[in-house]
Amino acid sequence: MKKKFLVIMTAVIMALVCAFGLVACGSDGVEGTYYVYMNGEKQEGMSMKLDDGKITTTQTMAGQTVTISGTYEVDGKTVKITVSVGGVSSTQDLTIVSDGILKDSNGLYYCVDGKTPPADEEAAD
């Protein structure tokens with residue numbers, strides 16, 4: 001049961017890492033704690049911290065908190081995140097929209113405190 005829960009939470013986190021996008025590296029202006037925005041709303045229970053090439057993602061769901069760590073690197077306007085759970089490695093690219101705002105390939109935004117998704121694109125999501 002624990003393994004199944006871990007696999008499910010890993011899938012959810014990776015969906016957040018992929019669908020909610022998780023990728024970055026170095027101190028190229030991307031360091032900080034980012035929160036997922038869904039329908040224009042900040043999701044306090046879904047965050048990722050980028051710090052000196054290391055990423056820590058945290059998701060709280062149904063009273064359970066799952067944390068997954070990995071690495072990130074910045075290549076131009078792309079943050080590439082790599083995490084490994086249970087021996088399975090996953091990589092996700094995020095686009096740097098502007099200072100403190102990242103976007104994944106599914107259109108989800110990750111923003112640091114004080115930043116919000118662009119209004120014109122937020123309405124389209």
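Per chain, the residues get numbers from 1 upward, laid out in the order the sequence is written. With the structure being a predicted model, the display of local features is reserved for residues of pLDDT at least 70 and the display and counting of side-chain atom pairs for 80 or more, all residues being used for whole-chain, interface and lining totals. To get the side-chain values, all heavy atoms of the structure are used, and hydrogens and water are removed first.

### Things to note about the packing of aromatic side chains
Note the cut-off: Aromatic contacts are taken between Phe, Tyr and Trp rings whose centres are within 6.5 Å, Trp giving its six-membered ring; a plane angle under 30 degrees counts as stacked, one over 60 as edge-to-face, and the others as tilted. For a ring to carry a charge above it, either NZ of a lysine or CZ of an arginine must fall within 6 Å of the ring centroid while also lying within 35 degrees of the normal to the ring plane.
This model, assessed by the stated rule, comprises 0 aromatic pairs. Over the face of the ring belonging to Tyr 35 we find Lys 42, whose NZ or CZ atom lies 4.3 Å from the ring centre.

### As for the confidence of the model for the chain
To keep things clear, this is the line we draw: One number per residue, pLDDT, summarises how confident the predictor is, and it ranges from 0 to 100. Here, two residues are considered to be in contact whenever any of their heavy atoms come within 4.5 Å of each other.
On average, residues of the chain score 80 in pLDDT, and 73% of them are at 70 or above. Residue range residues 4-9 is modelled with pLDDT below 50. Its contacts to residues more than four positions away, or to other chains, number 6 contacts. Confidence drops under pLDDT 50 across residues 17-27; counting only partners more than four residues distant or on other chains, this segment forms 66 contacts.

### Overview of the nonpolar core
Selection rule: In this text, buried Ala, Val, Leu, Ile, Met, Phe, Trp, Tyr and Cys residues form a nonpolar core when linked through side-chain atoms within 4.5 Å. Summary of the burial criterion: residues with accessible area below 20% of their type's maximum are buried, those above 50% are exposed, and those between are partly exposed, where the area comes from a 1.4 Å probe applied to protein chains only. For the purposes of this entry, the term helix denotes a DSSP run of H or I that reaches at least four residues, the term strand denotes a run of E that reaches at least two, and both are numbered from the N terminus.
Counting 20 residues, the largest nonpolar core has Val 30, Tyr 34, Met 48, Val 79, Ile 81 and Leu 102 as the members making the most contacts within it. Counting only elements with at least two residues in this core, the list comes to β1 (32-38), β2 (41-51), β4 (64-75), β5 (78-85), β6 (88-98) and β8 (109-112).

### Observations regarding the side chain of Asp 104
To keep things clear, this is the line we draw: Positive residues here are Lys and Arg, negative ones are Asp and Glu, while His and the chain termini are left out of the count. A carboxyl oxygen of Asp or Glu within 4 Å of a side-chain nitrogen of Lys or Arg is what we treat as a salt bridge. Polar contacts, as used here, are pairs of N or O atoms within 3.5 Å; protein pairs need one atom able to donate a hydrogen and one able to accept it. Residues neighboring in sequence count only if both atoms are side-chain atoms.
Positionally, Asp 104 belongs in the loop between β7 (101-103) and β8. Buried within the structure, Asp 104 lacks any salt-bridge partner; its nearest side chain of opposite charge belongs to Lys 103, at an N-O separation of 7.6 Å. For Asp 104, the side chain forms a polar contact with the main-chain nitrogen of Asn 106, separated by 2.9 Å. Within the local environment of Asp 104, its side chain forms a polar contact with the backbone nitrogen of Leu 108, the two atoms lying 2.9 Å apart.

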